[in-house]
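Geometric and topological summary
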Amino acid sequence: MGKSKKILSLLIAYIILIIMPVSVFVVKGASTGNTIYVSESGGDSGNGSATAPYKTFDQALVAAQDGDTIQISGSVKVNKPSNGMDDPLMISKKVTIQGGELYVQTGGIILGNDVTFKDIKINFSSSVRNAIMANGYTLTLNNVTKSTSSPYSIHVFGGGITDYNGGDPIPQVSNHG
């Protein structure tokens, strides 16, 4: 009888060890991300909640994590970098950007991760690189239109950026999260 209890105990321990990692992976994969709010009526001290939205897209993008949704209300700006150059907006997080109008004052948008634009108007104010460059990542455009106030078309480029000198192929711009 003692030997059977020992075998049964070992069998139960073995089954628990097999099932536990599977349940951990299922729970981890179930997270869906947060919604970060940004609004033209938001404040500089906003926290990105529905009741205290950020004022600029830059603030929302810095706060965003992979899997989050940035919900835009009204028309919000992507500010020019502090160096005054037409550096591109770098989106290096896997996010969904939806609603309202995104007023882009930078030299285009370069993806550094998979990004979805959904139910949004885009307004490029600069004729320099007025484009979204997918850079080899997945770009999903769902009901995206050009703002009627924008004189510039939206261009979309796929593929990637290659630096044959061995450098980082994605320009590092620190102002845009």
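Here the structure is shown first, and the text comes after it.
Read on for an overview of the structure. (Residues numbered from 1 in each chain as written. Predicted model: local features only at pLDDT ≥ 70, side-chain atom pairs only at ≥ 80, totals over all residues. Heavy atoms only, no water.)

What about the overall build of the chain?
- When its secondary structure is counted, the chain shows two helices and 11 strands.
- Seen in sequence order, the chain has helices and strands lined up from the N terminus as α-β-α-β-β-β-β-β-β-β-β-β-β.
- Here the chain, with 177 residues, has 34% of them falling under the buried criterion.
- Sequence-distant contacts in the chain: of pairs separated by 6 or more residues, those separated by 24 or more amount to 51%.
- Carbon and sulfur atoms form 56% of the exposed surface of the chain, whose accessible area is close to 10,300 Å². (Helix = DSSP H or I, 4+ residues; strand = E, 2+ residues; numbered from the N terminus. Buried < 20%, exposed > 50% of the residue type's maximum accessible area, 1.4 Å probe, protein only. Contact = heavy atoms within 4.5 Å. Areas by Shrake-Rupley, 256 points an atom, 1.4 Å probe, with all protein chains shown as cover.)

Structural notes on the nonpolar core
- Formed by 27 residues in total, the largest nonpolar core has its most connected members in Phe 57, Ile 91, Ile 97 and Phe 117.
- At five residues, strand β8 (residues 115–124) tops the list of elements feeding residues into this core. (Core = buried A, V, L, I, M, F, W, Y, C linked by side-chain atoms within 4.5 Å.)

A look at the side chain of Lys 93
- Among the structural elements, Lys 93 can be located in the loop between β4 (89–91) and β5 (95–98).
- Within the structure, the side chain of Lys 93 is placed 3.0 Å from the backbone oxygen of Val 62, a separation counted as a polar contact.
- Within the structure, Lys 93 has its side chain in polar contact with the backbone oxygen of Ala 64 (distance 2.9 Å). (Polar contact = N/O pair within 3.5 Å; in protein donor to acceptor, adjacent residues only side chain to side chain.)

Overview of the sheet that holds strand β9 (residues 131–133)
- Reading across from one edge, β4-β7-β9-β11 is the order of the four strands in this open sheet, with parallel pairing throughout. Because the sheet does not close on itself, it has two edges, and the strands there are β4 and β11 (155–157). Across this sheet, the average inter-strand angle for adjacent strands is 15°, counted without regard to direction.
- Across three bridges, β9 lies against β11 in parallel orientation. When the sheet's bridge partners are listed, Met 133 is paired in β11 with Phe 157. (Pairing = 2+ DSSP bridges. Axes fitted to C-alpha atoms, helices over the stretch in contact; angles between N-to-C directions.)

Observations regarding the side chain of Ser 39
- On the secondary structure map, Ser 39 appears in strand β1 (residues 35–39).
- On the basis of relative accessibility, which here comes to 6%, the residue Ser 39 falls in the buried class.
- Among the polar contacts listed, one links the side chain of Ser 39 to the side chain of Ser 41, at a separation of 2.9 Å.
- Other than its neighbours up to four places away in sequence, Ser 39 contacts Pro 53, Tyr 54, Lys 55, Ser 73 and Val 76.

Overview of the environment of Thr 106
- With respect to the secondary-structure elements, Thr 106 resides in the loop between β6 (101–104) and β7 (109–111).
- In this structure, the C-alpha to C-alpha distance between Thr 106 and Arg 129, residues 23 residues apart in sequence, is 8.5 Å.

Points about unusual backbone geometry
- Phi is positive for Asp 119, which is not a glycine, with a value near 50°.
- The backbone of Asn 143 shows a phi angle near 60°, a positive value even though the residue is not glycine.
- Given a relative accessible area of 51%, Asn 143 falls into the exposed group.

Some details on the pairing of β6
- Summarising the sheet, strand β3 (residues 75–78) and β6 pair through four bridges and their orientation is parallel. Across the sheet, the residue bridging to Lys 77 is Tyr 103, located in β6.
- Inspection of the sheet shows β6 paired to β8 by four bridges, in the parallel sense. Paired with Tyr 103 across the strands is Asn 123, a residue of β8.

Some points on the environment of Asp 66
- Among the structural elements, Asp 66 can be located in the loop between α2 (57–63) and β2 (69–73).
- Spatially, the C-alpha atom of Asp 66 lies 9.4 Å from that of Asp 114, the residues being 48 residues apart in sequence.
- Apart from the residues lying within four places of it in its own chain, the contact partners of Asp 66 are Ser 92, Lys 93, Lys 94 and Asn 113.
- A polar side-chain atom of Asp 66 sits 2.8 Å from the main-chain amide nitrogen of Lys 94.

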